[in-house]
Amino acid sequence: QKEVEQNSGPLSVPEGAIASLNCTYSDRGSQSFFWYRQYSGKSPELIMFIYSNGDKEDGRFTAQLNKASQYVSLLIRDSQPSDSATYLCAVTVTGGGNKLTFGTGTQLKVEL
Amino acid sequence: EPEVTQTPSHQVTQMGQEVILRCVPISNHLYFYWYRQILGQKVEFLVSFYNNEISEKSEIFDDQFSVERPDGSNFTLKIRSTKLEDSAMYFCLDRFLYGYTFGSGTRLTVV
């Protein structure tokens, strides 16, 4: 069973702080890694993707990938109340037909 | 990011009835997927569709499900005889060069 694991939360951070969201995956053949944001009742929106080990930055968001340890993380700097949502981690695997396998998501709450 | 439109946005149906969910993907793309999300649960893969053929399907995608691209543009998911446990959000996904775009979603409620 190819699993993607996330802490369901909620993760609470004060406004302006850094939020750190983590995701681990079981299949070493995983190739591509995606972070989506999902507001309640809405469809997920792509925030970032990462393929290579290391960090990738896009505005206030940084994705970090460590294939040796099989984890991927998302850092949100200067967190805003509008960042309050569920963050989904998704991976594609070799031989998986390029389908995405999702984690359960981490609920983030940014408090004033 | 271009939009992937799904219709209807919400459908209520009686158990045992057939439903057809529609997706209008981004034109000229070849890879499409259907996923569902039961309330409070993870997004689950149903089926992938490449070049107008099913390329992979999950255990969930049994004989009551079918997928078509009837007119070369719209993309449909049919559930022949709905069950209470089919109640969920259904999403089509459009794969593009740098990722996957979710459709707007259809909330299916089976009563």
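Note: the structure precedes this text.
Residues numbered from 1 in each chain as written. Chains lettered and ligands numbered in written order. Predicted model: local features only at pLDDT ≥ 70, side-chain atom pairs only at ≥ 80, totals over all residues. Heavy atoms only, no water.

(A) Structural view of the sheet that holds strand 7 (residues 61–66) of chain A. Residue and element names in this part refer to chain A. Pairing within the open sheet is antiparallel, and its five strands lie in the order 1-3-8-7-6. Looking at which strands have only one partner, the edges of the open sheet turn out to be strand 1 (4–5) and strand 6 (54–58). Relative to strand 8 (residues 71–76), strand 7 runs antiparallel, the two sharing six bridges. If you follow asparagine 66 over to strand 8, its bridge partner there is tyrosine 71. (Pairing = 2+ DSSP bridges. Helix = DSSP H or I, 4+ residues; strand = E, 2+ residues; numbered from the N terminus.)

(B) Summary view of the interface of chain A and chain B. Each partner contributes to the interface: chain A provides 22 residues, whereas chain B provides 20 residues. Both sides together, the interface formed by chain A and chain B hides about 1600 Å², and carbon and sulfur atoms give 54% of it. At the junction of chain A and chain B, the tally comes to two salt bridges. For lysine 42 of chain B, the salt bridge identified is with glutamate 3 of chain A, shortest N-O distance 3.9 Å. Inspection of the region where chain A meets chain B yields seven residue pairs in polar contact (both at pLDDT 80 or more). Elements that contribute at least two residues to the side of chain A that touches chain B include exactly strand 4 (30–38), strand 5 (45–50) and strand 9 (85–93) of chain A. The element that contributes the greatest number of residues to the side of chain A that touches chain B is strand 4 of chain A, accounting for three residues. Taken together, the residues of the side of chain A that touches chain B break down into ten nonpolar, nine polar and three charged. (Contact = heavy atoms within 4.5 Å. Buried area = accessible area lost by both parts, 1.4 Å probe. Salt bridge = Lys/Arg side-chain N within 4 Å of Asp/Glu carboxyl O. Polar contact = N/O pair within 3.5 Å; in protein donor to acceptor, adjacent residues only side chain to side chain. Nonpolar A, V, L, I, M, F, W, Y, C, P; charged D, E, K, R; others polar.)

Taken by themselves, the reported measurements are silent on function.
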